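Listed below are the residues making up each chain.
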Amino acid sequence: MSDQDHEERQDGEATSQGRRNFMKGTVAVGAGVVAAGALGVREGGFGNPFAASAAHAASKQGGLDPHVPPGKLDPYYGFWSGGQSGEIRILGVPSMRELMRIPVVNRDSATGWGRDDWSKQLLGGRDSGDTHHVHLSYTDGTYDGRYVYVNDKSNARLARVRCDIMEVDAITDIPNSQGTHGIFPQRHKTGLVLCNAEFRTPLPNDGRDLDDPKKYGAMHTAIDGETMEVKWQVLIEGNLDLCATDYEGKYSFACCYNSEEAVTLEGMMAADRDWLYVFNIPAIEKAVKAGKTIKVGKSDVPVVDARGANGPYVQRVPVPKSPHGVNIDPTGKYAVCSGKLSPTVTVVDIGKLADVFAGKIKPRDAVVAEPEVGLGPLHTAFDGRGNAYTSIFIDSVVTKWNIAKAIEAFNDESVDPILQKLDVNYQIGHINGSMSETKDADGNWLIALCKFSKDRFLPVGPLHPENDQLIDMSGDKMKLVHDGPAYPEPHDCVVLNRDLLHPSKVNPRTGSRYEYYEKLAKEDGINLMAGSQVIQKGKGKVRVYMVSVAPAYSLTEFRVKSGDEVQVIQTNLDGVEDLSHGFCMSNHDVNMVVNPRATNSVTFTAGDPGVYWYYCPWFCHALHLEMRGRMIVEA
Ligand code: K7E
Ligand code: CUA
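Residues numbered from 1 in each chain as written. Chains lettered and ligands numbered in written order. Predicted model: local features only at pLDDT ≥ 70, side-chain atom pairs only at ≥ 80, totals over all residues. Heavy atoms only, no water.

## Some points on the overall build of the chain
Selection rule: Segments assigned H or I by DSSP are reported as helices when at least four residues long, segments assigned E as strands when at least two residues long, and all are numbered from the N terminus. In this treatment the radius of gyration is a C-alpha quantity, and the globule benchmark scales as 2.2 Å times the residue count to the 0.38 power. Here, two residues are considered to be in contact whenever any of their heavy atoms come within 4.5 Å of each other. Using a 1.4 Å probe, the Shrake-Rupley method yields the accessible areas, and only the shown protein chains count as cover for residues. Asp and Glu are treated as the negative residues and Lys and Arg as the positive ones, with His and the ends of the chain left uncounted. For the purpose of locating charges, the reference atoms are NZ of Lys, CZ of Arg, CG of Asp and CD of Glu.
A tally of regular secondary structure across the chain gives 10 helices and 39 strands. Relative to the 2.2 N^0.38 estimate, which gives 26 Å for 635 residues, the radius of gyration of the chain is 26 Å and therefore close to what a compact globule would have. If you line up the chain on its principal axes, its C-alpha atoms span 85 × 70 × 50 Å. Here the contacts in the chain between residues at least 6 apart in sequence split such that 59% fall between residues at least 24 apart. Approximately 26000 Å² of the chain is accessible, and the part contributed by carbon and sulfur atoms is 53%. Each charge class in the chain was averaged separately, 67 positive and 82 negative side chains, and the resulting centres sit 3 Å apart.

## Regarding the pairing of strand E16 (residues 314–320)
What counts is decided by this rule: Partly exposed residues are those whose accessible area sits between 20% and 50% of the maximum for their type, while under 20% is buried and over 50% is exposed, using a 1.4 Å probe and protein chains only. When DSSP finds at least two bridges between two strands, those strands are taken to pair.
Of all seven residues in E16, six are buried, a share of seventy percent or more. As defined by bridge partners, strand E14 (residues 273–280) adjoins E16 across seven bridges and the pair is classed as antiparallel. Pairing of Trp275 across the sheet is with Pro318, part of E16.

## Topic: the site of ligand 1
The test is simple: We call a residue near a molecule or strand whenever a single non-hydrogen atom of that residue lies within 4 Å of it. Residues are grouped as follows: Ala, Val, Leu, Ile, Met, Phe, Trp, Tyr, Cys and Pro are nonpolar; Asp, Glu, Lys and Arg are charged; every other residue, Gly included, is polar.
Surrounding ligand 1, one finds His132, His133, His181, Leu242, His324, His379, Gly429, His430, Lys451 and His491. When contributions to the shell around ligand 1 are tallied by element, the ones reaching two or more residues are strand E4 (131–139) and strand E25 (428–433). In terms of residue class, the shell around ligand 1 is built from one nonpolar, eight polar and one charged.

## Here we look at the sheet that holds strand E36 (residues 590–594)
Put simply, the rule reads: Comment: axis = line fitted to C-alpha atoms, over the contacting stretch for helices; angle = value between 0 and 180 degrees taken between N-to-C directions.
Taken together, the five strands give an open sheet; going across it, the order is E33-E39-E38-E35-E36, and neighbouring strands pair in mixed fashion. Edge positions in the sheet fall to strand E33 (557–561) and E36, since each of these pairs with one other strand and no more. Taking the axes of each pair of neighbouring strands and ignoring which way they run, one obtains an average angle of 20 degrees across the sheet. By the bridge criterion, five bridges tie E33 to strand E39 (residues 628–634) in an arrangement that is parallel.

## Structural notes on the pattern of salt bridges
Stated formally: Within this document, salt bridges are pairs made up of a side-chain nitrogen of Lys or Arg and a carboxyl oxygen of Asp or Glu, the two lying within 4 Å of each other.
Tallied over the full model, the rule gives 34 salt bridges. Note that Lys231 and Glu229 form a salt bridge whose closest N and O atoms lie 4.0 Å from each other. Take Glu229: its relative accessible area is 45%, and that puts it in the partly exposed class. Residue Lys295 is joined to Asp300 by a salt bridge in which the shortest nitrogen-to-oxygen separation is 3.5 Å. We note that Lys295, like Asp300, is exposed. Each of Glu557, Arg559, Lys561, Arg630 and Glu634 takes part in a single network of salt bridges with overlapping partners.

## Examining a nonpolar patch on the surface
The line we're drawing: Exposure above 30% relative accessible area and the absence of a salt bridge qualify a residue for a patch, where like charges join within 9 Å and nonpolar side chains (Val, Leu, Ile, Met, Phe, Trp, Tyr) within 5 Å.
The grouping of Leu265, Met269 and Leu341 at the surface amounts to a nonpolar patch, some 270 Å² of accessible area in total. Relative to the helices and strands, Leu341 is located in the loop between strand E18 (334–338) and strand E19 (345–349). Overall, the relative accessible area of 37% leaves Leu341 in the partly exposed class.

## Some thoughts on the sheet that holds strand E3 (residues 98–103)
Pairing in this open sheet of four strands is antiparallel, and the strands run E3-E2-E1-E29 from one edge to the other. Two strands lie at the open edges of the sheet, namely E3 and strand E29 (493–497), each paired on one side alone. Going across the sheet, the axis of each strand differs from the next one's by a mean of 20 degrees, ignoring polarity. As paired elements, strand E1 (residues 76–81) and strand E2 (residues 87–93) share six bridges and run antiparallel to each other. For Phe79, the partnering residue across the bridge sits in E2 and is Ile90.

## Observations concerning the side chain of Thr180
When you line up the elements, Thr180 lands in strand E8 (residues 180–185). Residues contacting Thr180, with those up to four places away along its chain left out, are Asn151, Asp152, Lys153, Ala156, Arg157, Ile174, Cys195, Asn196 and Ala197.

## Describing helix H9 (residues 403–411)
Residue pairs three or four apart in sequence face the same way in an α-helix, which turns once every 3.6 residues. Note the cut-off: As used here, the arc is the angular range of directions from the helix axis to the C-beta atoms. Any N or O atom pair separated by 3.5 Å or less is treated as a polar contact, with the protein-specific requirement of one donor-capable and one acceptor-capable atom, and with residues adjacent in sequence counted only for side-chain atom pairs.
Turning to H9, its buried residues are Ile403, Ala406 and Ala409. What you see down the axis of H9 is that its buried residues fit within an arc of 115 degrees, all on one side. Taken together, the buried residues of H9 touch E18, strand E20 (367–369), strand E21 (377–382), strand E22 (387–392) and strand E23 (397–402). Measuring from the side-chain oxygen of the N-cap residue of H9 to the backbone nitrogen of Ala404 gives 3.1 Å; that N-cap residue is Asn402.

## A few points about the side chain of Asp117
Looking at where Asp117 falls in the secondary structure, it is placed in helix H5 (residues 117–123). No salt bridge is formed by the buried Asp117, whose closest oppositely charged neighbour, Arg115, lies at an N-O distance of 5.6 Å. A distance of 2.6 Å separates the side chain of Asp117 from the side chain of Ser601, its partner in a polar contact. With residues near it in sequence (within four places) discarded, Asp117 still touches Tyr516, Tyr517, Gln567, Ser601, Val602 and Thr603.

## Description of the pairing of strand E31 (residues 541–549)
Taken across its nine residues, E31 has seven buried, putting it largely inside the fold. Relative to E31, strand E30 (residues 533–536) runs antiparallel, the two being bridged by four bridges. Following the sheet pairing, Gln536 is matched in E31 by Val542. As defined by bridge partners, E31 adjoins strand E34 (residues 565–572) across eight bridges and the pair is classed as parallel. Residue pairing across strands places Val544 opposite Val568, the latter belonging to E34.

## What about unusual backbone geometry?
Backbone torsion omega between Asn425 and Tyr426 reads -10 degrees, so that peptide bond is classified as cis. Locating Tyr426 in the fold gives a position in the loop between strand E24 (418–423) and E25. Between Ala550 and the following residue, Pro551, the backbone shows a cis peptide bond with an omega angle of -5 degrees. Looking at where Pro551 falls in the secondary structure, it is placed in the loop between E31 and strand E32 (552–553). Unusually for a residue other than glycine, Asp578 sits at a positive phi of about 70 degrees. Relative to the elements of secondary structure, Asp578 occurs in the loop between E34 and strand E35 (581–585). In this structure Asp578 comes out as exposed when scored by relative accessible area, which is 72%. One non-glycine residue, Asp589, adopts positive backbone phi at about 55 degrees. Structurally, Asp589 is set in the loop between E35 and E36.

Remember that the coordinates give geometry; whether it matters functionally is a separate question.
Set out below in structure tokens:
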């Protein structure tokens, strides 16, 4: 099937897609149709020519249609973190179908991630992790479709996925940090990615101050989103939980739930107020440039020491008791801090922060609202219509409230900003809406990531799935439309319009993976795209190059000695969409995927003398089972 054929078939909506593209070129009328297409509204609703007010009509008719019939595609991509599974998952929204998993800091038997040579050196010998927060790179306040960033809380790392191939291309170790938790990229351009250390430690953590927690600190780290280099760190006394950035590249934010600087649960909960840290990025960068920095431990990264008092680099906005999430509304005007142990969210007017830094007003004076939303508020999403949706863990509800009304209510108790509380099942953690973290928040779908599923699914043993619930947020009232079991444990997700991503169908052979393999090939005088070769690399080391074209390897036999270190480098010459091959060596714990036009490799020690079949593990052809060869191991 030609690419073009596929384009039409895959679309399943060849005409609507064509129409959308066509309409994009026209003016006012086009905008309406684009919106309808993006909503996935098929009959009636937004597309209804009789609908006076689209949102109103949609809600009257029972809301958006979550059903995506066979052959149709979702209007949205969703990126889910995988928590302790260490991966990222791609879902279609609203179908909630899992489309793909991207192994990140885990070992994945299907693709060989964590076992193949390329990923192994990226992972630095570790193959477990804990991914919490996924965010895509931005340009001008919305997703630019280039990268996905994700944190590894367990090993203090930031990983990046390239959106064209949906594969990790860089992993950065963050110095002087433990429990790297909240991360957020800048939104004005693909600039810095800010990363918070949740755990306070002695700094440097070299055996000093072991029993003196008052001297512990935590780092707010800036990593260049293009080069993935650590640029600078800010040393802070409290812990740093969730992270956010403004829309202009001026500020980054971190919630601190342990201003007490305690090491016990009781201690951490003692104070009635903790902080929202506000970092002044231009001021910090000026200090870094001027060399007003210190060195901490073995790392050469410049560190701005901002412990103790408010100053030009950091201001501390007091917020009630142990805040957790901080989210910026789509207008970029407000930072919303969820109280966790306080039933409130604190709304900070970002426009007032310049006066806070200038010393004209007190940090707390930047707070413009503090509505009561329920017990255990954790995170907040937005609909682009001035409303906020806060996840309430203890109450197991989502609270919808209006930002403008909350600001009014701050000075006028007669105003009630709470619009609705919707039961979710159960114990919701993160919440996110379609395009909610961008200036283009569209208020269609809301995802409630529930930590407990209890009785919502057939029992499957003591370990329960999570429950990722889909909520229609397009109308006046939220409406729960779908329960989605998820393997533990997604923490966060982002949902974006599908038009913002353009993944490749075959590997473009660019970037760090290819630099790695081209270097090996050059060393051996090999063309990776041509033929096979077995090269003796000194005593006890063998490199085997081969290519694959369905349904055969270019090499169906090679000889090595027992105990040899064997590296098999395989290039898939098939340039056909969906035609992955791979390499599995029997009884050697070796299995990897090689996607169309990709190169991958794996290294192993040849076992006892004998014959070992290697085979293609990906069903690629009617003769797929015949796609195999022999490794002959001599004594
Ligand atoms: Cu609230 Cu790690 Cu984002 Cu989990 S964190 S819920
Ligand atoms: Cu190639 Cu199966």
